[in-house]
Amino acid sequence: MIPRYTRSEMGRIWSEENRFRTWLKVEIAATETLAEAKIVPRQAARAIRELADFRLERIREIEAEVRHDVIAFTTAVAEFVGPESRWFHFGLTSNDVVDTAQALLIQGASEIIAGDLRELSDVLKRRAFEFKDTPMIGRTHGIHAEPITFGFKLANWYSETQRNIERFDRAADDMRVGKFSGAVGTFAHLTPELEEKMCARLGLKAAAISSQVIQRDRHANYLATLAVIASTLDKIATEIRHLQRTEVREAEEYFSEKQKGSSAMPHKRNPVTCEQISGLARVVRSNAQAGFENVALWHERDISHSSVERVILSDSTTLTDYMLAKTTNLLDTMFVYPERMKANLESTGGLVFSGQLLLDLVEQGVSREEAYRVVQSHAMRSWKEGLNFRDQVMRDQNINARVSAKTIQNAFDLKRQLRNIDAIFARVFGKSSSRRPAARRRS
């Protein structure tokens, strides 16, 4: 875990204390299941349930000697349990405990991330409706293209977030599996039926088949899904960074009265939150690659994946949680400048309506080739000489001879360009969501 980017609830899940507490939970579930099956004496299971405990310092002390964390753990617990500890960890191999406990830890982390995604979704929906009818220029290749609304942009991010919610739910559910199948997965000491009961006791499904470990394609898929979520957040942050550029300045991240942008330049208002999100997304994406490398292990297991997972699972979930919270707050508090959006939209003197003019000329009987040539010639001249495209077209006698002035004027109608925004919103949010959601009250 990276303390600087760790929120408290997620930090607690991946704490060393909680990891061993989760191991203990798995061990107790296994022992009680075996006691019910009359494999472990009931008094032993009761003693383990009531007395089992550990001290972190003692586990670390033992591990320094034996160089095996699970043995250090079981030895430290045995010191609390006493004679009945001979039944502790009975019939299990280390990864029966480690992998099953890891599934529980990931489940806890996933519940936090699922909540984060819902909060992001709520903010995106609210702000999308807030700016549903706020016109701005749409850009392709960074160049003015055709009009959109800022709410349309936000609705696109909302729709992508809904897909991320669905992907993440599937990936998290795929990780909700445990295993108690032994050293190579053949149930040499227990049975599949006992495994299913142990897992059910923990709220998990039993992996249909495993080796000494749960197969790492599941983990790779989970990490890849986190990487996709991080990429969406990077996409949002990158867009806001572009919109905050001085020469654009259509939106910007919140900047408090006491905030400083530069030690040398007092005027600076830098998109530091956006840049942080974009930077951390790179870490989550790179961790996904490490997850792919963990899929291929030697035979029924080696430990080349183990050291990697001690880093990437906690870090990727921790960073995703952090970035989701940061992005939600970024969107919730960002400054939006509709007048600047309007000014930028109008800055090219109607050039952004060239596509509609082309189609209108074609509808009036002008060949597409001629219509394109005429419209482009005016557009290129307007670019080069800083002329008003709309005025140039209106004064073109050749065009006026072919189509009416009303037709030309209609080509530059902004409302006409944006007439389907309501229909798009109905597709994204549902027809029942036509009303703007209530604004969240800020403290």
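Scroll up to find the structure.
Residues numbered from 1 in each chain as written. Predicted model: local features only at pLDDT ≥ 70, side-chain atom pairs only at ≥ 80, totals over all residues. Heavy atoms only, no water.

A. Spotlight on the overall build of the protein. The number of helices and strands found in the protein is 19 helices and six strands. In terms of overall size, the protein is more extended than a compact globule, its C-alpha atoms giving a radius of gyration of 30 Å where 443 residues would be expected to give roughly 22 Å. If you line up the protein on its principal axes, its C-alpha atoms span 100 × 50 × 40 Å. Nonlocal contacts in the protein, meaning residues at least 24 apart in sequence, comprise 76% of its contacts between residues at least 6 apart. (Helix = DSSP H or I, 4+ residues; strand = E, 2+ residues; numbered from the N terminus. Rg over C-alpha atoms; globule rule 2.2 N^0.38 Å. Contact = heavy atoms within 4.5 Å.)

B. Quick look at the environment of V40. Locating V40 in the fold gives a position in the loop between α2 (16-36) and α3 (42-51). On the basis of relative accessible area, V40 is assigned to the buried category, the value being 2%. Each C-alpha atom of the pair V40 and F88 lies 9.2 Å from the other, and the pair is 48 residues apart in sequence. Setting aside its immediate chain neighbours within four residues, V40 contacts T31, L34, A35, A45, W87 and F90. (Buried < 20%, exposed > 50% of the residue type's maximum accessible area, 1.4 Å probe, protein only.)

C. Molecular detail of the packing of helix α7 (residues 150-174) against helix α9 (residues 217-244). Interhelical geometry of α7 versus α9 gives an angle of 165° and a closest axis separation of 9 Å. Comparing the axis directions of α7 and α9 gives the class roughly antiparallel. As for how α7 packs across α9, the hand of that crossing is left-handed. (Axes fitted to C-alpha atoms, helices over the stretch in contact; angles between N-to-C directions. Parallel < 35°, antiparallel > 145°, perpendicular 65-115°, else oblique. Left-handed = near helix turned anticlockwise from the far one by under 90°.)

D. The arrangement of empty space enclosed by the protein in detail. All told, the structure shown has two cavities of 30 Å³ or more when counted by the stated rule. By volume, the largest cavity amounts to about 50 Å³. What lines the largest cavity is simply L361, V366, E370, A371, V374, N398, I399 and R402. Mapped by element, the contributors of at least two residues to the lining of the largest cavity are α14 (368-385) and α16 (397-402). In terms of residue class, the lining of the largest cavity is built from five nonpolar, one polar and two charged. (1 Å grid on protein atoms, 1.4 Å probe; cavity = no way out; pocket = protein on both sides within 12 Å on 5 of 7 lines; lining within 4 Å. Points joined across faces, edges and corners; volume = space filled by probe spheres on them. Nonpolar A, V, L, I, M, F, W, Y, C, P; charged D, E, K, R; others polar.)

E. Structural context of the packing of aromatic side chains. By the definition in use, this model includes 16 aromatic pairs. Pairing Y158 with F429 gives two aromatic rings, centres 4.5 Å apart and planes at 40°, and the pair type is tilted. Placement of the pair is Y158 in helix α7 and F429 in helix α19 (residues 421-429), with a sequence separation of 271 residues. On the accessibility criterion, Y158 (10% relative accessible area) is buried. Taking the relative accessible area as the measure of exposure, F429 reaches 9% and is therefore buried. An aromatic cluster is built from F20, W23, F54, F73 and F88, whose rings are joined through pairwise contacts. One Lys or Arg, R19, reaches over the ring of F20 and ends 4.6 Å from the middle of that ring. Of note, R249 hangs over the ring of Y337, and the distance from its end group to the ring centre comes to 4.8 Å. (Phe/Tyr/Trp six-rings, centres within 6.5 Å; stacked < 30°, edge-to-face > 60°. Lys NZ or Arg CZ within 6 Å of the ring centre and 35° of its normal.)

F. Structural context of the packing of α2 against helix α8 (residues 192-201). Packing of α2 against α8 leaves a shortest axis separation of 9 Å and a crossing angle of 130°. In terms of orientation, α2 lies oblique with respect to α8. Crossing of α2 against α8: the hand is right-handed. On α8, the residues touching A29, A30, E32, T33, L34 and E36 of α2 are L194, K197, M198 and R201. Classifying every residue of the contact of α2 with α8 by side-chain character gives five nonpolar, one polar and four charged.

G. Local environment of the pairing of strand β2 (residues 143-149). Direction of pairing for strand β1 (residues 135-140) relative to β2: antiparallel, over a ladder of five bridges. Residue pairing across strands places M136 opposite I148, the latter belonging to β2. The antiparallel hairpin formed by β1 and β2 contains two residues in its connecting segment, where H141 sits at a positive phi of about 60°. (Pairing = 2+ DSSP bridges.)

H. Structural detail: the side chain of D360. Inspection of the secondary structure assignment puts D360 in helix α13 (residues 354-363). Ignoring sequence-local partners within four residues, the contact set of D360 consists of T407, N410, A411 and R416.

I. Looking closely at unusual backbone geometry. In this model, R67 sits at a positive phi of 55°, which is unusual for a non-glycine residue. Relative to the elements of secondary structure, R67 occurs in the loop between α4 (56-66) and α5 (69-81). Backbone geometry places H89, a non-glycine residue, at a positive phi of 70°.

J. Local environment of the layout of surface pockets. If you add up the space inside the largest pocket, you get close to 620 Å³. Taken together, 26 residues form the lining of the largest pocket, with R19, D69, V98, S306 and R310 sitting closest to its centre. Looking at the lining of the largest pocket, the elements that each hand over two or more residues are α2, α5, α6 (94-130) and α11 (306-333). Ranked by residues supplied to the lining of the largest pocket, first place goes to α6 with seven residues. The residue makeup of the lining of the largest pocket, split by class, is nine nonpolar, nine polar and eight charged.

K. Representation of the nonpolar core. Formed by 63 residues in total, the largest nonpolar core has its most connected members in F150, L154, F168, Y222 and L331. Elements with a minimum of two residues in this core: α1 (8-13), α6, α7, α9, α10 (272-293), α11 and α19. Here this core gets 12 residues from one element, more than from any other, and that element is α6. Not counting chain neighbours up to four residues away, the residues in contact with L331 comprise L120, V123, L124, R127, L154, W157, I236 and I240. The next biggest cluster of nonpolar side chains, apart from the first, holds 36 residues, and it includes L34, I62, V77 and L202. (Core = buried A, V, L, I, M, F, W, Y, C linked by side-chain atoms within 4.5 Å.)

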